[in-house]
Amino acid sequence: MNVDMQGGRSQGRATEYRFAFAGLRHSHIFSLIERVSAHPACQIVAAWEADDTARAAAERVCGLPFEYSDFDTLLSESGCNVVAIGDTYARRGALAIRALKAGCHVIADKPLCTSLEELGEISSLARAGGLSVGCMLDLTEAPAIRGLREIIRDGKIGSVQTVTILAQHPLLYGQRAGWYFAGDQHGGTVNDIGVHVFDLLPWLTGSAWERMISVREWNAKAKEAPHFCDCAQMYGTLENGVSCFADLSYLAPDRCGYSLAQYWRLTVHGTSGMAEASYGAKTLSLATDSDEEIQRVALTEIPASGRNYLQNFLDEISAKDQTCEGALSTEDILKTTRLVLQAQQIASEKNEDSHS
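Every value quoted in this text rests on a predicted model; they were computed, and no experiment measured them.

*Asks:* Help me get a handle on the overall build of the chain, residues and values and all.
*Replies:* The number of helices and strands found in the chain is 9 helices and 13 strands. In summary, the chain has a C-alpha radius of gyration of 21 Å against a globular reference of 21 Å for 356 residues, a match within 12%. For the chain, the spread of C-alpha atoms along the three principal axes comes to 65 × 50 × 40 Å. By the burial criterion, 55% of the 356 residues in the chain qualify as buried. In the chain, of all internal contacts separated by at least 6 residues, the share reaching a separation of at least 24 is 70%. Surface summary for the chain: the accessible area is close to 15400 Å², and the carbon and sulfur share equals 46%. Of the charged side chains in the chain, 31 are positive and 45 negative; the average position of the first set lies 2 Å away from that of the second.

*Asks:* Any chance you could break down the packing of aromatic side chains for me, citing the residues and the numbers?
*Replies:* Using the criterion set out here, one finds 12 aromatic pairs in the structure. Judged by centre distance (5.4 Å) and plane angle (35°), the rings of Trp48 and Phe71 are tilted. In this pair, Trp48 sits in strand β2 (residues 42-48) while Phe71 sits in helix α3 (residues 71-77), placing the two residues 23 residues apart along the sequence. Pair check on accessibility: Trp48 and Phe71 agree, each one buried. Between Arg176 and the ring centre of Tyr180, over which it is positioned, the NZ or CZ distance is 4.8 Å. Over the ring of Trp218 we find Arg216, and its NZ or CZ is 3.9 Å from the ring centre.

*Asks:* Account for the side chain of Asn351, with residues named and values stated.
*Replies:* When you line up the elements, Asn351 lands in helix α9 (residues 330-355). At a separation of 3.3 Å, a polar atom in the side chain of Asn351 contacts the main-chain carbonyl oxygen of Glu217.

*Asks:* Account for the pairing of strand β3 (residues 82-86), with residues named and values stated.
*Replies:* Of all 5 residues in β3, 5 are buried, a share of seventy percent or more. Side chains Val82, Ala84 and Gly86 of β3 all project onto a buried face; the interleaved residues Val83 and Ile85 project onto the opposite face, where all are buried too. Pairing between strand β1 (residues 17-24) and β3: 5 bridges, direction parallel. Each bridged residue has a counterpart across the sheet, and for Ala22 the counterpart in β3 is Ile85. Crossover handedness for the path β3 to helix α4 (residues 89-101) to strand β4 (residues 105-108): right-handed.

Conventions used here
Residues numbered from 1 in each chain as written. Predicted model: local features only at pLDDT ≥ 70, side-chain atom pairs only at ≥ 80, totals over all residues. Heavy atoms only, no water. Helix = DSSP H or I, 4+ residues; strand = E, 2+ residues; numbered from the N terminus. Rg over C-alpha atoms; globule rule 2.2 N^0.38 Å. Buried < 20%, exposed > 50% of the residue type's maximum accessible area, 1.4 Å probe, protein only. Contact = heavy atoms within 4.5 Å. Areas by Shrake-Rupley, 256 points an atom, 1.4 Å probe, with all protein chains shown as cover. Lys, Arg positive; Asp, Glu negative; His and termini not counted. Charge placed at Lys NZ, Arg CZ, Asp CG, Glu CD. Phe/Tyr/Trp six-rings, centres within 6.5 Å; stacked < 30°, edge-to-face > 60°. Lys NZ or Arg CZ within 6 Å of the ring centre and 35° of its normal. Polar contact = N/O pair within 3.5 Å; in protein donor to acceptor, adjacent residues only side chain to side chain. Pairing = 2+ DSSP bridges. Right-handed = clockwise from strand over helix to strand, strands pointing away.

Okay, here's the thing in structure tokens:
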């Protein structure tokens, strides 16, 4: 990856969206750099990273020159109108607030922030300033997940009754960034991984989240960091009565964890059948009451989704009609973030009570 900061792909013409990147502490942010640098209406005008080691690594990976020594100078002098944030989880909320106060739209890697107080200020600033807030919620863009949604929405398994989500991740202790385990920079596994669940479920089923019944975090594998809860599970219901369980743990094997089916495997049971999809899979599983054996459904003809976190964000900024059903909006992201932070708060309070 190599980005021309002075013009990107937009030299010789005005650019509608001028991006500044603030914080590159998680590798997810590099995929946003790729999307932005490839977008004909976008230009990367600035980058800033406070950590010397992370800044040097980012320069090697993507070729971004970091011309600003502090974030406030970047906001006031770079000419950006969008700030993209990929700092440690606990620092993202404060950066988003400063960017919104400067009149910039904000898009962040997930999670957007780690406290309900930060989210409240982000929400107030965005609404008062008519500013958009985006988030890199890309799980719903995966072909297998889109295909599962089509099966559900077509009624092929009847009325959905249960959704089981396995989101096992490899811990990679010693390889994953050290700030994950630094005590106050991660903000919780429910918030880290579970944000995808709260985003996914209404889009998948057509029903909003209703209530949390149970949520738990605990430390199991990361013994070197006993405060880090590497296991998490939650259980709740949607407004239409669908029961949902999610395992959000870091228990997948280190070397092959991302290639296993349990890395984002969704199993959905309805009144007349079941369907299952795994992230990255080439086929879906479908079995109805009339089937004698399980069907393997190819993904070759899955229709394009209206979900594209970057394009949805840009369309909202430019006030284009978001005619694509299911497109992400600022209000969707703020609601999803509030739900996952409330779940995280319950889990964290339970842990505090158990240690008191």
